[in-house]
Amino acid sequence: EAGVTQSPTHLIKTRGQQATLRCSPISGHTSVYWYQQALGLGLQFLLWYDEGEERNRGNFPPRFSGRQFPNYSSELNVNALELEDSALYLCASSLGTVRTEAFFGQGTRLTVV
Amino acid sequence: RKEVEQDPGPFNVPEGATVAFNCTYSNSASQSFFWYRQDCRKEPKLLMSVYSSGNEDGRFTAQLNRASQYISLLIRDSKLSDSATYLCAVNKVGYSTLTFGKGTMLLVSP
């Protein structure tokens, strides 16, 4: 069974540009979570999508946004990129209930220059 | 107090040693708890869920202490391949989203 897949693996952007990151969840999972892991820092929760709706948002500015498609795949968009946005962006999926386990994709490493 | 706190380590242990990590959480209403393992520059991989009754998977044992609001991970007979960062995760109350600790680094040496 395929795990969570993310694309691209690496992305290099210039400050001020926009970045789009993609995630396909495990088959049967309806929830997708996005996390940011900057160098030397822990995982910071960004966004949670379930059944096509944004359910919860972390403490990030509005230029971090996303959506979830009918097939439960998801997109994270980061507008007006700043140097500090350079990080590993991780997507996880789960069945969406409180006690279910979440599984991560391999991440997209975003570098802003 | 941070939502989820871990000792950053690193914990340096020889092969064969037993090592234990603790993780404290601030919200007593939290309902689900997990341990993840993260290798350098890789994604976190789920190691085990932590149940109220405790659970064991081979050399790994996880415990939950609700009264003191901490979870623990015990690794017995450490292997070189156990070297990694161990992250604890706790659900945000009322949601399935997880809040992670910053992780504890384990280095197992020959």
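1. Examining the side chain of Thr-61 of chain B
Residues and elements named next belong to chain B.
- Secondary-structure assignment places Thr-61 in strand 7 (residues 60–65).
- For Thr-61, a relative accessible area of 10% translates into the label buried.
- A polar atom in the side chain of Thr-61 sits 2.9 Å from the side chain of Arg-76.

2. Some thoughts on the nonpolar core
- Membership of the largest hydrophobic core comes to 23 residues, with the highest contact counts inside it found for Phe-21, Trp-35, Ile-71, Leu-73, Ile-75, Tyr-86 and Leu-106 of chain B.
- Those elements giving two or more residues to this core turn out to be strand 3 (19–25), strand 4 (33–38), strand 5 (44–50), strand 7, strand 8 (70–75), strand 9 (84–91) and strand 11 (104–109) of chain B.
- With near-sequence residues (within four places) excluded, Ile-75 of chain B lies in contact with Ala-17, Thr-18, Val-19, Phe-21, Arg-59, Phe-60, Asp-82, Tyr-86 and Leu-106 of chain B.
- By size, the runner-up hydrophobic cluster in this structure holds 22 residues, among which are Val-32, Ala-38, Tyr-49 and Leu-81 of chain A.

3. Side note on the pairing of strand 5 of chain B
Residue and element names in this part refer to chain B.
- For strand 4 and strand 5, the ladder comprises six bridges, and the chain directions are antiparallel. Looking at strand 5, one finds that Trp-35 is bridged to Met-48.
- Hairpin connection from strand 4 to strand 5: five residues lie between these consecutive antiparallel strands, with Arg-41 at a positive phi of about 65°.

4. Digging into the pairing of strand 6 (residues 53–57) of chain A
All names here are of chain A.
- Relative to strand 6, strand 5 (residues 43–50) runs antiparallel, the two being bridged by four bridges. Paired with Trp-48 across the bridge in strand 6 is Asn-56.
- Counting the residues that bridge the hairpin from strand 5 to strand 6 gives two residues, and of these Glu-51 lies at a positive phi of roughly 50°.

5. Some points on unusual backbone geometry
- Cis geometry is adopted by the peptide bond preceding Pro-8 of chain A, which originates at Ser-7 of chain A and carries an omega value of -10°.
- Locating Pro-8 of chain A in the fold gives a position in the loop between strand 1 (5–7) and strand 2 (10–13).
- A positive phi angle, close to 75°, is found at Tyr-72 of chain A, a residue other than glycine.
- Locating Tyr-72 of chain A in the fold gives a position in the loop between strand 7 (64–68) and strand 8 (74–78).
- Given the relative accessible area of 26%, Tyr-72 of chain A is considered partly exposed.
- The residue Gln-69 of chain B is not glycine, and still its phi comes out positive at about 55°.
- By the secondary structure assignment, Gln-69 of chain B is in the loop between strand 7 and strand 8.
- Relative accessible area serves as the criterion here: at 15%, Gln-69 of chain B is assigned to the buried category.

6. Quick notes on the interface of chain A and chain B
- The interface of chain A with chain B comprises 23 residues on the first partner and 21 residues on the second.
- Counting the surface lost from both chain A and chain B, the interface buries some 1,900 Å², and carbon and sulfur atoms represent 57% of this.
- On the surface where chain A and chain B come into contact, there are zero salt bridges.
- Our count for the contact surface shared by chain A and chain B stands at six residue pairs in polar contact (both at pLDDT 80 or more).
- Those elements giving two or more residues to the side of chain A that touches chain B turn out to be strand 4 (31–37), strand 5, strand 6, strand 9 (87–94) and strand 10 (103–104) of chain A.
- Taken together, the residues of the side of chain A that touches chain B sort by class into 11 nonpolar, eight polar and four charged.

7. Details of the sheet that holds strand 7 of chain A
Residue and element names in this part refer to chain A.
- The four strands are arranged 1-3-8-7 in an open sheet whose pairing can be described as antiparallel. Every other strand in the sheet has two partners, leaving strand 1 and strand 7 as the edge strands with one partner each. The average angle at which neighbouring strand axes cross in this sheet is 20°, direction not considered.
- Here strand 3 (residues 19–24) runs beside strand 8; their pairing, made up of five bridges, is antiparallel. Opposite Arg-22, over in strand 8, you have Glu-75 as the bridge partner.

Rules behind the numbers
Residues numbered from 1 in each chain as written. Chains lettered and ligands numbered in written order. Predicted model: local features only at pLDDT ≥ 70, side-chain atom pairs only at ≥ 80, totals over all residues. Heavy atoms only, no water. Helix = DSSP H or I, 4+ residues; strand = E, 2+ residues; numbered from the N terminus. Buried < 20%, exposed > 50% of the residue type's maximum accessible area, 1.4 Å probe, protein only. Polar contact = N/O pair within 3.5 Å; in protein donor to acceptor, adjacent residues only side chain to side chain. Core = buried A, V, L, I, M, F, W, Y, C linked by side-chain atoms within 4.5 Å. Contact = heavy atoms within 4.5 Å. Pairing = 2+ DSSP bridges. Buried area = accessible area lost by both parts, 1.4 Å probe. Salt bridge = Lys/Arg side-chain N within 4 Å of Asp/Glu carboxyl O. Nonpolar A, V, L, I, M, F, W, Y, C, P; charged D, E, K, R; others polar. Axes fitted to C-alpha atoms, helices over the stretch in contact; angles between N-to-C directions.

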